[in-house]
Amino acid sequence: MREAETTSKVAVTCTVNGVAHTVEAYSMMRLLDVLREDLRLTGTKEGCGEGECGACSVMLNGELVNSCLIPIAQVEGANIKTIEGISLSDEQLHGVQEAFIVCGGAQCGICTPGMVIAAVHLLERNPTPDDAEIRDALAGNLCRCTGYVKIFEAVVHACRNRKA
Amino acid sequence: MRAYLPVYELKVPRSLQEALVLLEGEPGVWRPFAGGTDLMVLLEAGKLAHRNFFSILHLDELRGIQETPEHLTLGALTTYTQVRNHATLRGEFPMLCRAASETGGLAIQNRGTLGGNISNASPAADSPPALLVYDAQIELVSAARGSRLVEYKDFHTGYKQTLMRPDELISRIRLPRTQENARQHYYRKVGTRKAQAISKVCFAATARVEGRLLEDVRIALGSVAPTVVRCEKTEAILRNSEIDEQAISAAQDELSREVVPIDDLRSTANYRLEVALNLLGEFLRSTVAA
(Lines give C-alpha, C1' and ligand atoms only; values in the text may rest on other atoms or scores of the structure.)
Protein backbone atom coordinates (compact mmCIF):
# COMPACT_ATOMS: atom_id res chain seq x y z
CA MET A 1 0.00 0.00 0.00
CA ARG A 2 1.30 3.42 -0.89
CA GLU A 3 2.27 5.86 1.81
CA ALA A 4 -0.89 7.76 2.59
CA GLU A 5 -1.26 11.36 3.48
CA THR A 6 -2.88 11.78 6.83
CA THR A 7 -5.56 14.26 7.76
CA SER A 8 -5.86 16.25 10.96
CA LYS A 9 -8.51 16.04 13.64
CA VAL A 10 -11.54 18.28 13.51
CA ALA A 11 -13.38 19.95 16.37
CA VAL A 12 -17.02 18.93 16.61
CA THR A 13 -19.54 20.41 19.02
CA CYS A 14 -22.72 18.56 19.93
CA THR A 15 -25.07 18.15 22.84
CA VAL A 16 -25.16 14.79 24.59
CA ASN A 17 -27.87 14.17 27.20
CA GLY A 18 -28.38 17.90 27.54
CA VAL A 19 -24.69 18.77 28.01
CA ALA A 20 -22.69 20.55 25.29
CA HIS A 21 -19.37 18.89 24.38
CA THR A 22 -16.62 19.76 21.94
CA VAL A 23 -14.47 16.84 20.89
CA GLU A 24 -11.40 16.70 18.66
CA ALA A 25 -11.41 13.62 16.48
CA TYR A 26 -10.62 12.35 12.99
CA SER A 27 -13.62 13.17 10.82
CA MET A 28 -14.50 9.50 10.18
CA MET A 29 -14.33 8.55 13.86
CA ARG A 30 -17.51 6.75 14.79
CA LEU A 31 -19.95 8.50 17.10
CA LEU A 32 -19.95 5.23 19.07
CA ASP A 33 -16.23 5.56 19.85
CA VAL A 34 -16.50 9.23 20.74
CA LEU A 35 -19.33 8.45 23.17
CA ARG A 36 -17.55 5.55 24.82
CA GLU A 37 -13.93 6.67 24.76
CA ASP A 38 -13.94 10.47 24.75
CA LEU A 39 -17.09 11.11 26.76
CA ARG A 40 -16.85 7.86 28.79
CA LEU A 41 -20.50 7.09 28.20
CA THR A 42 -20.00 3.34 28.10
CA GLY A 43 -23.69 2.48 28.39
CA THR A 44 -23.87 2.47 24.59
CA LYS A 45 -22.48 -0.91 23.47
CA GLU A 46 -20.72 -2.11 20.37
CA GLY A 47 -22.20 -5.35 19.08
CA CYS A 48 -21.57 -6.05 15.41
CA GLY A 49 -20.13 -2.70 14.33
CA GLU A 50 -21.97 -2.91 11.03
CA GLY A 51 -25.51 -1.73 11.64
CA GLU A 52 -27.05 -5.18 12.04
CA CYS A 53 -27.58 -5.54 15.79
CA GLY A 54 -28.72 -2.21 17.22
CA ALA A 55 -26.64 -2.50 20.43
CA CYS A 56 -25.15 0.93 19.73
CA SER A 57 -28.55 2.63 19.20
CA VAL A 58 -28.83 6.26 20.30
CA MET A 59 -31.18 9.08 19.43
CA LEU A 60 -29.81 11.74 17.10
CA ASN A 61 -32.04 14.80 16.92
CA GLY A 62 -34.84 12.55 18.16
CA GLU A 63 -34.29 9.84 15.52
CA LEU A 64 -33.20 6.30 16.31
CA VAL A 65 -29.78 5.63 14.73
CA ASN A 66 -26.88 3.19 14.98
CA SER A 67 -23.96 5.15 16.44
CA CYS A 68 -21.47 2.73 14.83
CA LEU A 69 -22.52 4.01 11.39
CA ILE A 70 -22.21 7.73 12.08
CA PRO A 71 -18.97 9.60 11.45
CA ILE A 72 -18.37 12.35 13.97
CA ALA A 73 -18.14 15.03 11.28
CA GLN A 74 -21.85 14.51 10.63
CA VAL A 75 -22.98 15.32 14.20
CA GLU A 76 -21.86 18.95 14.38
CA GLY A 77 -24.61 20.85 16.19
CA ALA A 78 -26.65 17.71 16.81
CA ASN A 79 -28.61 16.75 19.88
CA ILE A 80 -27.81 13.22 21.05
CA LYS A 81 -29.47 11.12 23.71
CA THR A 82 -27.83 7.94 24.99
CA ILE A 83 -29.02 5.35 27.51
CA GLU A 84 -27.42 7.49 30.25
CA GLY A 85 -29.93 10.22 29.41
CA ILE A 86 -33.05 8.04 29.53
CA SER A 87 -33.79 7.76 33.26
CA LEU A 88 -35.89 10.54 34.74
CA SER A 89 -33.35 11.16 37.54
CA ASP A 90 -30.65 9.26 39.44
CA GLU A 91 -33.40 7.78 41.60
CA GLN A 92 -36.16 7.31 39.06
CA LEU A 93 -35.89 5.03 36.04
CA HIS A 94 -37.84 5.56 32.82
CA GLY A 95 -41.00 3.46 32.59
CA VAL A 96 -39.42 1.34 29.86
CA GLN A 97 -36.39 0.60 32.07
CA GLU A 98 -38.72 -0.37 34.95
CA ALA A 99 -40.66 -2.64 32.62
CA PHE A 100 -37.50 -4.43 31.46
CA ILE A 101 -36.67 -5.19 35.11
CA VAL A 102 -40.20 -6.29 36.01
CA CYS A 103 -40.58 -8.52 32.94
CA GLY A 104 -37.05 -9.94 32.90
CA GLY A 105 -36.28 -8.28 29.59
CA ALA A 106 -32.53 -8.19 30.22
CA GLN A 107 -30.11 -11.08 30.59
CA CYS A 108 -26.50 -10.52 29.56
CA GLY A 109 -27.24 -6.83 29.06
CA ILE A 110 -25.37 -6.09 25.84
CA CYS A 111 -28.50 -5.49 23.76
CA THR A 112 -30.40 -3.83 26.62
CA PRO A 113 -29.36 -0.17 26.19
CA GLY A 114 -30.19 -0.35 22.47
CA MET A 115 -33.48 -2.17 23.12
CA VAL A 116 -34.50 0.42 25.71
CA ILE A 117 -33.61 3.32 23.39
CA ALA A 118 -35.56 1.72 20.51
CA ALA A 119 -38.57 1.12 22.80
CA VAL A 120 -38.48 4.68 24.19
CA HIS A 121 -38.23 6.01 20.62
CA LEU A 122 -41.31 3.97 19.67
CA LEU A 123 -43.40 5.10 22.64
CA GLU A 124 -42.51 8.74 22.07
CA ARG A 125 -44.03 8.48 18.60
CA ASN A 126 -46.74 5.98 19.25
CA PRO A 127 -47.91 5.57 22.87
CA THR A 128 -50.30 2.74 21.95
CA PRO A 129 -48.47 0.49 19.47
CA ASP A 130 -50.02 -2.80 18.39
CA ASP A 131 -48.02 -6.03 18.32
CA ALA A 132 -46.86 -5.55 14.72
CA GLU A 133 -45.72 -2.00 15.43
CA ILE A 134 -43.66 -3.14 18.43
CA ARG A 135 -42.04 -5.87 16.34
CA ASP A 136 -41.30 -3.43 13.54
CA ALA A 137 -39.79 -0.88 15.92
CA LEU A 138 -37.48 -3.45 17.52
CA ALA A 139 -36.63 -5.34 14.31
CA GLY A 140 -33.19 -3.71 14.11
CA ASN A 141 -32.17 -4.83 17.61
CA LEU A 142 -30.82 -8.34 18.09
CA CYS A 143 -30.80 -10.29 21.36
CA ARG A 144 -29.08 -13.65 21.75
CA CYS A 145 -30.33 -14.40 25.28
CA THR A 146 -34.00 -13.77 25.81
CA GLY A 147 -35.65 -15.11 22.68
CA TYR A 148 -37.34 -11.68 22.52
CA VAL A 149 -40.57 -12.70 24.26
CA LYS A 150 -39.71 -11.02 27.55
CA ILE A 151 -38.44 -7.92 25.80
CA PHE A 152 -41.66 -7.74 23.83
CA GLU A 153 -43.66 -8.18 27.05
CA ALA A 154 -41.64 -5.41 28.68
CA VAL A 155 -42.64 -2.97 25.95
CA VAL A 156 -46.30 -3.99 26.27
CA HIS A 157 -46.01 -3.58 30.06
CA ALA A 158 -44.46 -0.12 29.66
CA CYS A 159 -47.34 0.94 27.40
CA ARG A 160 -49.95 -0.26 29.90
CA ASN A 161 -48.24 1.48 32.82
CA ARG A 162 -48.00 4.65 30.83
CA LYS A 163 -51.71 4.61 30.18
CA ALA A 164 -52.51 3.84 33.84
CA MET B 1 -12.53 -0.60 14.05
CA ARG B 2 -10.11 -2.11 11.56
CA ALA B 3 -9.50 1.05 9.56
CA TYR B 4 -6.67 3.52 10.20
CA LEU B 5 -8.72 6.69 10.61
CA PRO B 6 -6.06 9.37 10.01
CA VAL B 7 -5.97 8.50 6.29
CA TYR B 8 -9.68 9.17 5.83
CA GLU B 9 -11.28 12.53 5.41
CA LEU B 10 -14.92 13.60 5.53
CA LYS B 11 -15.33 17.22 4.50
CA VAL B 12 -18.55 19.09 5.19
CA PRO B 13 -19.30 21.55 2.35
CA ARG B 14 -21.68 24.37 3.26
CA SER B 15 -23.81 24.23 0.12
CA LEU B 16 -24.59 22.07 -2.88
CA GLN B 17 -22.59 24.48 -5.03
CA GLU B 18 -19.53 24.10 -2.80
CA ALA B 19 -19.90 20.31 -3.01
CA LEU B 20 -20.15 20.36 -6.80
CA VAL B 21 -17.10 22.61 -7.12
CA LEU B 22 -15.14 20.20 -4.91
CA LEU B 23 -16.21 17.28 -7.14
CA GLU B 24 -15.26 19.13 -10.30
CA GLY B 25 -11.94 20.50 -9.03
CA GLU B 26 -10.26 17.15 -8.43
CA PRO B 27 -12.02 14.53 -10.58
CA GLY B 28 -12.21 11.13 -8.94
CA VAL B 29 -10.69 12.32 -5.65
CA TRP B 30 -13.85 13.22 -3.75
CA ARG B 31 -16.91 11.08 -3.34
CA PRO B 32 -20.26 11.87 -1.73
CA PHE B 33 -21.18 10.45 1.66
CA ALA B 34 -24.88 10.50 2.66
CA GLY B 35 -26.38 8.30 5.40
CA GLY B 36 -23.26 6.14 5.60
CA THR B 37 -25.15 2.87 6.07
CA ASP B 38 -23.00 1.13 3.44
CA LEU B 39 -19.76 3.12 3.58
CA MET B 40 -19.36 2.91 7.37
CA VAL B 41 -19.71 -0.87 7.22
CA LEU B 42 -16.81 -1.01 4.75
CA LEU B 43 -14.80 1.40 6.91
CA GLU B 44 -15.29 -0.70 10.03
CA ALA B 45 -14.22 -3.83 8.13
CA GLY B 46 -11.05 -2.12 6.88
CA LYS B 47 -12.35 -2.46 3.31
CA LEU B 48 -13.10 1.14 2.41
CA ALA B 49 -10.57 1.66 -0.39
CA HIS B 50 -11.53 5.24 -1.20
CA ARG B 51 -10.38 7.83 1.35
CA ASN B 52 -11.70 11.28 0.53
CA PHE B 53 -15.37 11.95 1.06
CA PHE B 54 -17.67 14.90 1.53
CA SER B 55 -20.88 14.78 3.50
CA ILE B 56 -24.05 15.79 1.69
CA LEU B 57 -26.53 14.74 4.39
CA HIS B 58 -27.13 18.29 5.63
CA LEU B 59 -27.74 19.83 2.17
CA ASP B 60 -31.33 21.09 2.00
CA GLU B 61 -31.09 21.40 -1.80
CA LEU B 62 -31.19 17.58 -1.98
CA ARG B 63 -34.18 17.11 0.32
CA GLY B 64 -37.93 17.13 0.11
CA ILE B 65 -40.72 15.48 -1.88
CA GLN B 66 -42.55 17.58 -4.46
CA GLU B 67 -45.86 16.72 -6.07
CA THR B 68 -47.10 17.95 -9.44
CA PRO B 69 -49.97 16.45 -11.47
CA GLU B 70 -47.43 14.64 -13.67
CA HIS B 71 -44.68 13.64 -11.26
CA LEU B 72 -43.60 12.90 -7.73
CA THR B 73 -40.06 14.17 -7.29
CA LEU B 74 -37.97 12.94 -4.38
CA GLY B 75 -34.78 14.63 -3.22
CA ALA B 76 -31.80 12.28 -3.30
CA LEU B 77 -31.55 12.49 0.50
CA THR B 78 -35.09 11.23 1.07
CA THR B 79 -34.71 8.57 3.75
CA TYR B 80 -36.44 5.18 3.80
CA THR B 81 -38.45 6.40 6.79
CA GLN B 82 -39.68 9.40 4.79
CA VAL B 83 -40.53 7.12 1.87
CA ARG B 84 -42.52 4.64 3.94
CA ASN B 85 -44.48 7.39 5.71
CA HIS B 86 -45.39 9.48 2.67
CA ALA B 87 -49.11 9.31 1.95
CA THR B 88 -48.97 9.90 -1.82
CA LEU B 89 -46.14 7.42 -2.28
CA ARG B 90 -48.10 4.87 -0.26
CA GLY B 91 -51.12 5.36 -2.47
CA GLU B 92 -49.47 5.48 -5.90
CA PHE B 93 -46.08 3.81 -5.52
CA PRO B 94 -46.70 1.27 -2.76
CA MET B 95 -43.82 -1.03 -3.76
CA LEU B 96 -41.32 1.72 -3.04
CA CYS B 97 -42.76 2.08 0.47
CA ARG B 98 -42.71 -1.68 0.91
CA ALA B 99 -39.05 -1.79 -0.17
CA ALA B 100 -38.21 1.04 2.23
CA SER B 101 -39.91 -0.69 5.14
CA GLU B 102 -38.05 -3.94 4.42
CA THR B 103 -34.60 -2.35 4.12
CA GLY B 104 -32.70 -2.85 7.38
CA GLY B 105 -34.34 -1.88 10.66
CA LEU B 106 -35.69 1.49 11.73
CA ALA B 107 -32.24 2.90 12.63
CA ILE B 108 -31.05 2.12 9.09
CA GLN B 109 -34.26 3.48 7.56
CA ASN B 110 -33.79 6.76 9.45
CA ARG B 111 -30.37 7.18 7.93
CA GLY B 112 -30.25 5.42 4.56
CA THR B 113 -31.24 7.51 1.54
CA LEU B 114 -32.83 6.69 -1.79
CA GLY B 115 -30.04 8.48 -3.66
CA GLY B 116 -27.46 6.48 -1.74
CA ASN B 117 -29.25 3.22 -2.47
CA ILE B 118 -29.17 4.06 -6.19
CA SER B 119 -25.60 5.36 -6.46
CA ASN B 120 -24.17 2.58 -4.31
CA ALA B 121 -25.35 0.47 -7.27
CA SER B 122 -25.63 -2.86 -5.49
CA PRO B 123 -27.57 -5.46 -7.52
CA ALA B 124 -29.08 -6.55 -4.18
CA ALA B 125 -30.58 -3.16 -3.30
CA ASP B 126 -34.30 -3.28 -2.48
CA SER B 127 -35.72 -0.04 -3.85
CA PRO B 128 -34.27 -0.21 -7.42
CA PRO B 129 -36.56 -3.01 -8.70
CA ALA B 130 -39.56 -0.87 -7.69
CA LEU B 131 -37.99 2.23 -9.28
CA LEU B 132 -37.43 0.29 -12.51
CA VAL B 133 -41.02 -0.86 -12.67
CA TYR B 134 -42.29 2.67 -12.02
CA ASP B 135 -40.15 4.07 -14.91
CA ALA B 136 -38.19 6.36 -12.58
CA GLN B 137 -35.90 9.06 -13.93
CA ILE B 138 -32.77 10.28 -12.20
CA GLU B 139 -31.70 13.92 -12.14
CA LEU B 140 -27.92 14.41 -12.05
CA VAL B 141 -26.23 17.73 -11.28
CA SER B 142 -22.73 19.02 -11.90
CA ALA B 143 -21.02 22.38 -11.55
CA ALA B 144 -20.08 22.46 -15.25
CA ARG B 145 -23.30 21.38 -16.94
CA GLY B 146 -26.10 22.04 -14.52
CA SER B 147 -28.66 19.24 -14.36
CA ARG B 148 -29.65 16.44 -16.73
CA LEU B 149 -32.35 13.81 -16.54
CA VAL B 150 -31.62 10.15 -17.35
CA GLU B 151 -33.89 7.13 -17.49
CA TYR B 152 -33.25 4.89 -14.49
CA LYS B 153 -33.35 1.79 -16.72
CA ASP B 154 -30.16 3.06 -18.41
CA PHE B 155 -28.45 4.12 -15.17
CA HIS B 156 -26.66 0.91 -14.16
CA THR B 157 -24.10 -0.08 -16.78
CA GLY B 158 -22.45 -3.06 -15.06
CA TYR B 159 -21.68 -4.50 -11.64
CA LYS B 160 -21.41 -1.44 -9.38
CA GLN B 161 -21.02 0.72 -12.50
CA THR B 162 -23.27 3.63 -13.45
CA LEU B 163 -23.44 6.23 -16.20
CA MET B 164 -22.68 9.02 -13.70
CA ARG B 165 -19.70 11.18 -14.61
CA PRO B 166 -17.06 11.77 -11.93
CA ASP B 167 -18.26 15.34 -11.33
CA GLU B 168 -21.95 14.47 -10.96
CA LEU B 169 -24.24 13.96 -7.99
CA ILE B 170 -27.74 12.48 -7.90
CA SER B 171 -30.05 15.35 -6.98
CA ARG B 172 -33.55 13.94 -7.49
CA ILE B 173 -35.55 10.86 -8.35
CA ARG B 174 -38.62 11.54 -10.48
CA LEU B 175 -41.59 9.18 -10.65
CA PRO B 176 -44.16 9.61 -13.44
CA ARG B 177 -47.67 9.51 -12.01
CA THR B 178 -50.37 7.57 -13.76
CA GLN B 179 -54.12 7.87 -13.54
CA GLU B 180 -54.44 4.10 -13.77
CA ASN B 181 -56.02 3.13 -10.51
CA ALA B 182 -56.45 -0.35 -11.88
CA ARG B 183 -52.73 -1.06 -11.71
CA GLN B 184 -51.89 -4.00 -9.44
CA HIS B 185 -48.59 -4.01 -7.55
CA TYR B 186 -46.65 -7.09 -6.46
CA TYR B 187 -43.44 -6.85 -4.39
CA ARG B 188 -41.60 -9.69 -2.67
CA LYS B 189 -38.20 -9.60 -1.05
CA VAL B 190 -36.81 -13.03 -0.19
CA GLY B 191 -34.09 -12.99 2.46
CA THR B 192 -32.87 -15.09 5.37
CA ARG B 193 -35.17 -13.43 7.89
CA LYS B 194 -37.89 -10.81 7.81
CA ALA B 195 -35.89 -7.90 9.23
CA GLN B 196 -32.34 -6.74 8.57
CA ALA B 197 -31.67 -9.25 5.80
CA ILE B 198 -30.05 -8.54 2.45
CA SER B 199 -32.04 -9.99 -0.45
CA LYS B 200 -31.44 -13.37 -2.02
CA VAL B 201 -33.99 -12.34 -4.63
CA CYS B 202 -36.12 -9.22 -4.88
CA PHE B 203 -39.11 -9.10 -7.27
CA ALA B 204 -41.23 -6.09 -8.21
CA ALA B 205 -44.00 -6.03 -10.79
CA THR B 206 -47.15 -4.21 -11.83
CA ALA B 207 -50.02 -5.42 -13.98
CA ARG B 208 -53.16 -4.06 -15.56
CA VAL B 209 -55.62 -6.86 -16.12
CA GLU B 210 -58.98 -6.99 -17.89
CA GLY B 211 -60.65 -10.30 -17.13
CA ARG B 212 -57.83 -12.77 -17.83
CA LEU B 213 -56.15 -10.48 -20.34
CA LEU B 214 -52.88 -8.93 -19.21
CA GLU B 215 -53.03 -5.52 -20.89
CA ASP B 216 -49.84 -4.20 -19.39
CA VAL B 217 -47.10 -5.71 -17.27
CA ARG B 218 -43.78 -4.51 -15.84
CA ILE B 219 -41.28 -6.75 -14.09
CA ALA B 220 -37.93 -6.04 -12.42
CA LEU B 221 -35.66 -8.13 -10.23
CA GLY B 222 -32.76 -7.62 -7.87
CA SER B 223 -29.95 -10.03 -6.91
CA VAL B 224 -30.23 -12.12 -10.10
CA ALA B 225 -27.74 -10.31 -12.39
CA PRO B 226 -24.76 -7.91 -12.14
CA THR B 227 -27.27 -5.05 -11.91
CA VAL B 228 -30.92 -4.80 -10.99
CA VAL B 229 -32.80 -5.73 -14.16
CA ARG B 230 -36.02 -4.77 -15.89
CA CYS B 231 -37.17 -7.93 -17.67
CA GLU B 232 -38.51 -6.52 -20.93
CA LYS B 233 -38.40 -9.78 -22.89
CA THR B 234 -40.54 -11.53 -20.31
CA GLU B 235 -42.88 -8.54 -20.30
CA ALA B 236 -43.14 -8.69 -24.12
CA ILE B 237 -44.18 -12.36 -24.03
CA LEU B 238 -46.85 -11.63 -21.46
CA ARG B 239 -48.28 -8.35 -22.73
CA ASN B 240 -51.74 -8.74 -24.23
CA SER B 241 -51.86 -12.44 -23.44
CA GLU B 242 -54.44 -14.44 -21.50
CA ILE B 243 -53.09 -15.59 -18.16
CA ASP B 244 -53.29 -19.37 -17.86
CA GLU B 245 -50.82 -22.05 -16.80
CA GLN B 246 -49.41 -22.30 -20.32
CA ALA B 247 -48.70 -18.56 -20.49
CA ILE B 248 -47.14 -18.64 -17.02
CA SER B 249 -44.88 -21.50 -18.03
CA ALA B 250 -43.79 -19.70 -21.23
CA ALA B 251 -43.03 -16.54 -19.24
CA GLN B 252 -41.00 -18.52 -16.72
CA ASP B 253 -38.95 -20.03 -19.58
CA GLU B 254 -38.26 -16.55 -20.91
CA LEU B 255 -37.36 -15.19 -17.47
CA SER B 256 -34.89 -18.04 -16.94
CA ARG B 257 -33.04 -16.80 -20.04
CA GLU B 258 -33.26 -13.16 -19.02
CA VAL B 259 -31.63 -13.41 -15.57
CA VAL B 260 -28.12 -14.64 -14.73
CA PRO B 261 -27.98 -15.35 -10.99
CA ILE B 262 -24.74 -16.39 -9.31
CA ASP B 263 -23.57 -18.36 -6.27
CA ASP B 264 -22.38 -16.09 -3.46
CA LEU B 265 -22.36 -15.89 0.32
CA ARG B 266 -26.10 -15.26 0.53
CA SER B 267 -27.49 -17.88 -1.82
CA THR B 268 -26.90 -20.05 -4.86
CA ALA B 269 -27.65 -19.49 -8.53
CA ASN B 270 -30.03 -22.46 -8.59
CA TYR B 271 -32.01 -21.31 -5.59
CA ARG B 272 -32.25 -17.74 -6.89
CA LEU B 273 -33.49 -18.90 -10.28
CA GLU B 274 -36.05 -21.25 -8.74
CA VAL B 275 -37.34 -18.53 -6.43
CA ALA B 276 -37.45 -15.92 -9.22
CA LEU B 277 -39.55 -18.25 -11.39
CA ASN B 278 -41.85 -19.12 -8.48
CA LEU B 279 -42.36 -15.43 -7.71
CA LEU B 280 -43.22 -14.75 -11.35
CA GLY B 281 -45.80 -17.56 -11.14
CA GLU B 282 -47.24 -16.23 -7.89
CA PHE B 283 -47.43 -12.70 -9.28
CA LEU B 284 -49.20 -13.77 -12.48
CA ARG B 285 -51.70 -15.99 -10.68
CA SER B 286 -52.40 -13.17 -8.19
CA THR B 287 -53.31 -10.78 -11.02
CA VAL B 288 -56.20 -12.91 -12.21
CA ALA B 289 -57.26 -14.04 -8.74
CA ALA B 290 -57.72 -10.44 -7.59
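Up top is the structure.
This write-up is about the structure you can find in this document. Starting from 1, residues in each chain are numbered consecutively following that chain's sequence as written. A letter from A marks each chain and a number from 1 marks each ligand, given out in the order of writing. For a predicted model such as this one, the threshold for reporting local features is a pLDDT of at least 70, and the threshold for listing and counting side-chain atom pairs is 80 or more; totals across whole chains, interfaces and linings nevertheless cover every residue.

1. Description of the environment of Arg-218 of chain B
Moving on, step 1. What counts as a helix is a DSSP run of H or I of at least four residues, what counts as a strand is a run of E of at least two, and both are numbered from the N terminus. Counting through the fold element by element, Arg-218 of chain B comes out in strand E13 (residues 213-222).
Moving on, step 2. For the pair Arg-218 of chain B and Asn-120 of chain B, spaced 98 residues apart in sequence, the C-alpha to C-alpha distance is 24 Å.

2. Considering helix H10 (residues 245-258) of chain B
Along an α-helix, a turn takes 3.6 residues, which lines up residues three or four apart on a common side.
Residues and elements named next belong to chain B.
Moving on, step 1. Here the expected span of a helix is defined as 1.5 Å times the quantity of residues minus one. Relative to the 20 Å expected for 14 residues at 1.5 Å per residue, H10 spans 20 Å between its end C-alpha atoms, a close match to the ideal helical length.
Moving on, step 2. Buried residues are those with 20 or more other C-beta atoms within 10 Å of their own C-beta, exposed residues have 12 or fewer, and partly exposed residues lie in between; C-beta atoms are placed from the backbone. Listing the buried residues of H10 in full gives Ile-248, Ala-251, Leu-255 and Glu-258. Looking down the long axis of H10, one finds its buried residues gathered within 80° of arc, a one-sided arrangement. Turned more than 90 degrees from where H10 packs its buried face, Glu-245, Gln-246, Ser-249 and Arg-257 sit exposed.
Moving on, step 3. Lining the buried residues of H10 we find helix H9 (232-238) and helix H11 (269-289). What the arc measures is the spread of directions leading from the helix axis to the C-beta atoms. For the purpose of contact definition, each residue receives a C-beta atom placed from its backbone, and two residues are in contact when these atoms lie within 7 Å.

3. Here's the deal with the sheet that holds strand E10 (residues 169-176) of chain B
All names here are of chain B.
Moving on, step 1. Strands are labelled as partners when DSSP assigns at least two bridges between them. The 5 strands lie next to each other as E4-E5-E10-E6-E7, forming an open sheet whose pairing is antiparallel. A strand with exactly one partner marks an edge of an open sheet, and here the two such strands are strand E4 (65-67) and strand E7 (146-151). Neighbour to neighbour, the strand axes of the sheet diverge by 20° on average, direction disregarded.
Moving on, step 2. For strand E6 (residues 137-142) and E10, the ladder comprises 5 bridges, and the chain directions are antiparallel. Paired with Gln-137 across the two strands is Arg-174, which belongs to E10. To obtain each axis, a line is fitted to C-alpha atoms, and for helices this fit is confined to the stretch in contact; angles are then taken between N-to-C directions over 0 to 180 degrees.

4. Side note on the environment of Leu-175 of chain B
Residue and element names in this part refer to chain B.
Moving on, step 1. Its place among the elements puts Leu-175 in strand E10.
Moving on, step 2. Residue classification places Leu-175 among the buried residues on the basis of 23 C-beta atoms within 10 Å.
Moving on, step 3. For the pair formed by Leu-175 and Leu-89, sequence separation is 86 residues and the distance between their alpha carbons is 9.7 Å.
Moving on, step 4. Non-local contacts of Leu-175, meaning those with residues more than four positions away in its chain, are made with His-71, Leu-72, Phe-93, Tyr-134 and Ala-136.

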